[in-house]
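Analysis of the macromolecular model
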Amino acid sequence: MGSENRTVGDGTRAVRAGLPEPVAYEPTLPGPVFAAHYHLPGEPTGPYTYGRDENPTWTHLERAIGELEAPGDDGVETVVFASGMAAVSAVLLSQTRAGDTVVLPDDGYQALALVREQLAAYDVLVRTAPTGGDAQLGELDGARLLWIETPSNPGLDVCDIRRLADAAHAAGALVAVDNTLATPLGQRPLELGADFSVASGTKGLTGHGDVLLGYVACRDARLAARVRRWRKVVGAIPGPMEAWLAHRSLATLQLRADKQGANALALAEALRGHPAVGGLRHPGLPDDPSHPVASRQMRRFGCVVSFTLPDRAYAERFLEGLRLADDATSFGGVRSTAERRGRWGGDAVPEGFVRFSVGAEDPEDLVADVLRALDEAAPPA
Ligand SMILES: *Cc1c(COP(=O)(O)O)cnc(C)c1O
């Protein structure tokens, strides 16, 4: 799909994304290519030489993700990785050097704290600020790279990508957005001014909890080349089977994002006002602090709802009582999961804080299950 890709709807784009031109008697989506090396007579001028450098199954997936991240933009380049963290560190470590300053969120994905330590070990200076209120604006002076995560995980604060990107560019900094929670159907950071859209494909992008994957999408060929080179140097490459499964899963991305987003809103509405539930957050709730900015820059609000139960034991009883949501980490899958985030340490959240990832169940079943589990978790009066 070339330039007509700009005008079609998300569902059409998702089912056709990255498909090669039809070849008679071949499958629509070619199967995974398992190859450590390719036939290579003479000079290595062709696209596929060695399996760590390139793979045709990645190429199809990279085109597909690029079409979703920047519809109609033939200049977008996408590089897929073995995991979200492989993609995150590829950007942070390939675009910075000793003496540079990087601005990170202080409420972002947990493993960012580890990346921060690694950056510090390489003499890259790190400053942090919260996502909410565009507080990172205050840290941009002299920065080389601004890292944004919006909505933030797990707090679900949202910042204004366009505003931060404009300010960062004026200060001479590159801008990367972690687009994991929103998925490219929820927001398109490159169109909002970011230089990189980076994500874990492990979550909503692939949506079945059975694949680890990451990617970096970017419009500048020079920046993309550095990311691609980093992948070759570090070797954080996805397996062909994972890449193929991810591509296959993209066909249902719009169905899943719409259904799971609607379910998340239904669950949030049902929890609103429940006496045991505090700190309810979902960017799609009209009175959520994130809603004004989210409704300007997001096209879907994601499937994560967070809230705080009175204490740790209450939250543990609640999670144990759920029948339609597994107590498991991660998010974005078609089967609901929920967890007490505090069990990991690291996130600045209360002991009773629950991150609920809403799946594709029937909303009335899910809401009933959650309300029942909440009632049963209440301590005896
Ligand atoms: C999960 C996650 C990552 C890391 O992805 P992996 O695939 O687990 O390596 C990065 N950013 C966010 C926001 C995430 O939720």
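The name given to the protein in an unreviewed UniProt entry is Cystathionine gamma-lyase, and the organism recorded there is Streptomyces albidochromogenes. Annotation of the protein in UniProt includes, under Sequence similarities (unreviewed entry), the sentence "Belongs to the trans-sulfuration enzymes family." What UniProt states about the protein under its Cofactor (unreviewed entry) heading is, verbatim, "pyridoxal 5'-phosphate".

Another aspect to go through is the pattern of salt bridges. Across all of its chains, the model carries 29 salt bridges by this definition. Put simply, Arg13 and Asp10 hold a salt bridge, and the shortest N to O gap is 3.0 Å. With a gap of 3 residues between them, Arg13 and Asp10 both fall in helix H1 (residues 10–16), about one helical turn apart. Accessibility assignment for this pair places Arg13 and Asp10 in one class, buried. One salt bridge in this structure joins Asp157 and Arg281, with 3.0 Å as the shortest N-O distance. Taken together, the residues span a long stretch of sequence, with Asp157 in the loop between strand E4 (145–149) and helix H5 (161–170) and Arg281 in strand E8 (residues 278–281) at a distance of 124 residues. Residue class for Arg281 comes out buried when judged on its relative accessible area of 14%. Through salt bridges with shared partners, one network takes in Asp10, Arg13, Arg188, Glu191, Asp258, Arg299 and Arg300.

Attention now moves to the packing of aromatic side chains. Taken as a whole, this structure holds 2 aromatic pairs when the rule is applied. Arranged with centres 5.7 Å apart and planes meeting at 45°, the rings of Tyr38 and Tyr48 form a pair that is tilted. You can see Tyr38 sitting in the loop between H1 and helix H2 (56–69) and its partner Tyr48 sitting in the loop between H1 and H2, a full 10 residues away along the chain. The exposure class assigned to Tyr48 is partly exposed, which follows from its relative accessible area of 24%. Judged by centre distance (6.0 Å) and plane angle (70°), the rings of Phe307 and Phe318 are edge-to-face. One end of the pair, Phe307, is in strand E9 (residues 304–308); the other, Phe318, is in helix H10 (residues 312–321), with 11 residues separating them in the sequence. Both residues of the pair, Phe307 and Phe318, count as buried.

Here is what the cut-offs are and how they apply
Residues numbered from 1 in each chain as written. Predicted model: local features only at pLDDT ≥ 70, side-chain atom pairs only at ≥ 80, totals over all residues. Heavy atoms only, no water. UniProt positions renumbered as here; feature names shortened; annotations may be inferred. Salt bridge = Lys/Arg side-chain N within 4 Å of Asp/Glu carboxyl O. Helix = DSSP H or I, 4+ residues; strand = E, 2+ residues; numbered from the N terminus. Buried < 20%, exposed > 50% of the residue type's maximum accessible area, 1.4 Å probe, protein only. Phe/Tyr/Trp six-rings, centres within 6.5 Å; stacked < 30°, edge-to-face > 60°.

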